[in-house]
Amino acid sequence: MFDAFSSRSRIVIFVARFAAGERGSKAIDVEDLLIGLVREDQGTHGSMLSKFLGGGVGSGFPTPTHKQFFDPAVAASLLHNIEESVPHLEPIATSTEIPLSDELSRVFEAAEGYRTQFHHDQIEPLHLLAAVFNDESSVAVKELLKIGLTQEEVFKRLRT
């Protein structure tokens, strides 16, 4: 399923799975994906993933160089707001498989459509971010709109 995903996008998905497990979700959802997108964009995914694999390996996760999409202060605020707005239950063991929510499956389908539309070889994090906007009722979209981000702005970046 993830063959068309770039290495950066795969990191995003892995972080999203970890975020869902930390909050005890029965499915990886759009909000978890947004957490993964922001953490990967900011290069803070290594510290989160080191918890998954056991301490001491935080610097072992390479952060591909890229131009950050989110301003660091905006990213911190966005992460805080998302993490505060989603329910937290008993964490789920990292060895337990967590399925994708129906909403997240639709986001992945839309990201594939954007990859094709923009004639890109792989699904990149910005394709995923653009696709998040398709689930207008999600907390993720509401938080993105609060910071003034629109799907059109993501499309502009994809065109460059």
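Residues numbered from 1 in each chain as written. Predicted model: local features only at pLDDT ≥ 70, side-chain atom pairs only at ≥ 80, totals over all residues. Heavy atoms only, no water.

A. How the structure looks around the packing of aromatic side chains. What the rule picks out here adds up to 6 aromatic pairs. With centroids separated by 5.0 Å and ring planes inclined at 75°, the aromatic side chains of phenylalanine 2 and phenylalanine 5 adopt a geometry described as edge-to-face. For phenylalanine 2, a relative accessible area of 28% corresponds to the partly exposed category. A residue is classified by how much of its surface remains accessible, and phenylalanine 5, at 3% relative accessible area, is buried. Relative to phenylalanine 108, the ring of phenylalanine 2 lies with its centre 5.9 Å away and its plane at 80°, an arrangement referred to as edge-to-face. Here the residue phenylalanine 2 occupies a position in the segment before helix 1 (7-22), and phenylalanine 108 occupies one in helix 5 (residues 102-117), the gap between them amounting to 106 residues. Accessibility expressed as a relative area gives 5% for phenylalanine 108, which makes it buried. Three or more aromatic residues joined by ring pairs form one cluster here, namely Phe2, Phe5 and Phe108. (Phe/Tyr/Trp six-rings, centres within 6.5 Å; stacked < 30°, edge-to-face > 60°. Buried < 20%, exposed > 50% of the residue type's maximum accessible area, 1.4 Å probe, protein only. Helix = DSSP H or I, 4+ residues; strand = E, 2+ residues; numbered from the N terminus.)

B. Geometry of the nonpolar core. In terms of nonpolar packing, the biggest core is built from 41 residues, with Leu33, Leu34, Leu128, Leu129, Val132 and Leu144 touching the most fellow members. Setting aside chain neighbours within four positions, we find leucine 34 in contact with Leu78, Ile82, Leu129, Ala140 and Leu144. (Core = buried A, V, L, I, M, F, W, Y, C linked by side-chain atoms within 4.5 Å. Contact = heavy atoms within 4.5 Å.)

C. Quick peek at the environment of alanine 130. With respect to the element layout, alanine 130 can be found in helix 6 (residues 125-132). With a relative accessible area of 0%, alanine 130 lands in the buried category. In the structure, alanine 130 is positioned 24 residues away from valine 154 in sequence and 5.8 Å away in space, judged by C-alpha atoms. Those residues in contact with alanine 130, other than ones at most four positions away along the chain, are Tyr114, Gln151, Val154, Phe155 and Leu158.

D. Quick look at the layout of surface pockets. Approximately 270 Å³ is the volume attributed to the largest pocket. For the largest pocket, the lining is made up of 17 residues, of which Arg8, Glu124, Pro125, Leu126 and Arg157 are closest to its centre. Only helix 2 (30-42), helix 6 and helix 8 (151-159) provide two or more residues apiece to the lining of the largest pocket. It is helix 6 that provides the largest number of residues to the lining of the largest pocket, a total of 4 residues. Looking at the lining of the largest pocket residue by residue, the classes come out as 7 nonpolar, 4 polar and 6 charged. (1 Å grid on protein atoms, 1.4 Å probe; cavity = no way out; pocket = protein on both sides within 12 Å on 5 of 7 lines; lining within 4 Å. Points joined across faces, edges and corners; volume = space filled by probe spheres on them. Nonpolar A, V, L, I, M, F, W, Y, C, P; charged D, E, K, R; others polar.)

E. Local environment of helix 1. Helix length check: helix 1, at 16 residues, gives a terminal C-alpha distance of 23 Å against a target of 22 Å (1.5 Å per residue), a fit within 8%. Within helix 1, 12 of the 16 residues are buried, leaving the element largely enclosed by the surrounding structure. The set of residues buried in helix 1 consists of Arg8, Ser9, Ile11, Val12, Ile13, Val15, Ala16, Arg17, Phe18, Ala19, Ala20 and Gly21. (Expected span 1.5 Å × (residues − 1).)

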